Amino acid sequence: MRCHKLVAYSVSAAAMVTLVAAGDAWEIKSQNKLVKHCANREGYDVCNIVLDISDTHALCSVCRLNRTIPDLAKPENRLRWSKLEQAKRRLLIGLMDLHLPLEAPVRGYSRGLCFDFLEDQRSNSDVAQKFITTGHRDGVITINILEADDVQRVWQREHVGERYRTLLGHMRHEVGHYYFELIVSDREGFGQIFGDVDTAYEKALKNYYARGPLPGWEQSHISAYASAHPAEDWAECFAHYLHMADTLETATAHRLIEQFSEQGDFEQLLLLWDRFSASLNEVNRSLGLSDAYPFVITPIVKNKLRFIHSAIARYVGLQL
Ligand SMILES: [Zn+2]
Ligand SMILES: [Zn+2]
């Protein structure tokens with residue numbers, strides 16, 4: 001904002017870089033490298049990634065993960081799409097930091113991760129689908145773009161009695177389902193901690209919506225919804241693990257905490273998180289805002305997060 005230099009993100013350097021004009025292209029001065037903007041920056045201002053000048057793609061690797069984007073003939077969809085892309089980038093950088101794979105072929109999937117940002121008749125009477133739910137199937141993360149509307153999302157959060165509802169939270173939950181198939185090889189160990197993943201899913205969800213969460217869920221689950229089914233419990237905990245890892249990484253980069261390594265000891269990670277999330281909540285209260293992290297990690301939940309930490313470490317260790 002002060003020097004007015006153009007900045008962008010370089011995936012290969014995993015860093016923000018400063019650009020200077022070089023004819024029709026741009027140059028990353030520090031690397032002596034010519035680059036071009038992703039087409040989604042030039043046309044729509046929703047992407048800040050640069051590609052190597054010789055790259056034959058018009059879109060960057062992050063934008064190429066989109067299978068469906070909203071109808072841009074509708075002006076309100078531009079802002080929705082921009083918010084979705086911001087959340088998606090936060091999600092992906094956290095996954096890359098953990099060395100989790102984004103692309104196929106991987107066990108059980110014919111394709112890697114991709115995204116469908118869809119509308120239903122609540123936001124667009126021209127589409128066929130009456131109701132699109134956010135979800136995951138075979139690597140495809142579907143997000144209803146109405147979730148990018150703050151008013152809609154907050155209304156929905158209050159309606160279903162949630163403490164926290166964000167685009168990033170949705171995405172982190174849904175990728176949890178994707179990585180379950182990839183990284184949980186110890187299904188018996190999973191069952192002992194989370195419950196039987198083969199429990200009838202449709203019936204369990206119906207039950208949850210009809211009767212509400214498991215009584216006393218606060219002791220055994222990170223959220224009410226996590227008590228709906230062991231697969232949902234895993235996805236909720238996986239999202240929390242990503243919240244913790246990414247927030248601590250950011251806090252380290254800004255020197256708010258001394259040091260943190262995603263690959264480090266779990267007890268250390270949790271200790272850092274306990275202290276840091278409490279401080280975050282106090283800071284938010286000082287500003288008159290709601291708690292940034294309105295959750296309690298009980299000993300049972302801690303065990304679930306430890307299982308996720310170990311599953312990621314084991315999987316990544318085998319791949320490297
Ligand atoms: Zn892009
Ligand atoms: Zn789910």
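Residues numbered from 1 in each chain as written. Chains lettered and ligands numbered in written order. Predicted model: local features only at pLDDT ≥ 70, side-chain atom pairs only at ≥ 80, totals over all residues. Heavy atoms only, no water.

Peer 1: Describe the packing of helix α8 (residues 230–253) against helix α9 (residues 266–286), naming the residues involved and giving the relevant values.
Peer 2: At a closest axis distance of 10 Å, the pairing of α8 and α9 adopts a crossing angle of 75 degrees. Our classification of the angle between α8 and α9 gives roughly perpendicular. Where α8 abuts α9, its residues Y241, H243, M244, T247, L248 and A251 lie against L269, L270, L272, W273, F276 and L280. Here the residues of the contact of α8 with α9 are counted per class, giving 10 nonpolar, two polar and no charged. (Axes fitted to C-alpha atoms, helices over the stretch in contact; angles between N-to-C directions. Helix = DSSP H or I, 4+ residues; strand = E, 2+ residues; numbered from the N terminus. Parallel < 35°, antiparallel > 145°, perpendicular 65-115°, else oblique. Contact = heavy atoms within 4.5 Å. Nonpolar A, V, L, I, M, F, W, Y, C, P; charged D, E, K, R; others polar.)

Peer 1: Talk me through the pattern of salt bridges; I want residue IDs and the actual numbers.
Peer 2: Enumeration according to the criterion identifies 21 salt bridges in this entry. Its salt-bridge partner being D150, residue K83 comes within 3.7 Å of it at the nearest N-O pair. Of this pair, K83 sits in helix α2 (residues 75–97) while D150 sits in helix α3 (residues 150–159); the two residues are 67 residues apart in sequence, bridging distant segments of the chain. Given a relative accessible area of 26%, K83 falls into the partly exposed group. In this structure, D150 and R153 form a salt bridge, with 3.0 Å as the shortest nitrogen-oxygen distance. Of this pair, D150 and R153 both sit in helix α3, three residues apart, which is roughly one turn of the helix. Residue classification places D150 among the partly exposed residues on the basis of a relative accessible area of 40%. Here the salt bridges share partners, and the residues they tie into one network are K74, E76 and E119. (Salt bridge = Lys/Arg side-chain N within 4 Å of Asp/Glu carboxyl O. Buried < 20%, exposed > 50% of the residue type's maximum accessible area, 1.4 Å probe, protein only.)

Read these as geometric descriptors, not functional statements.
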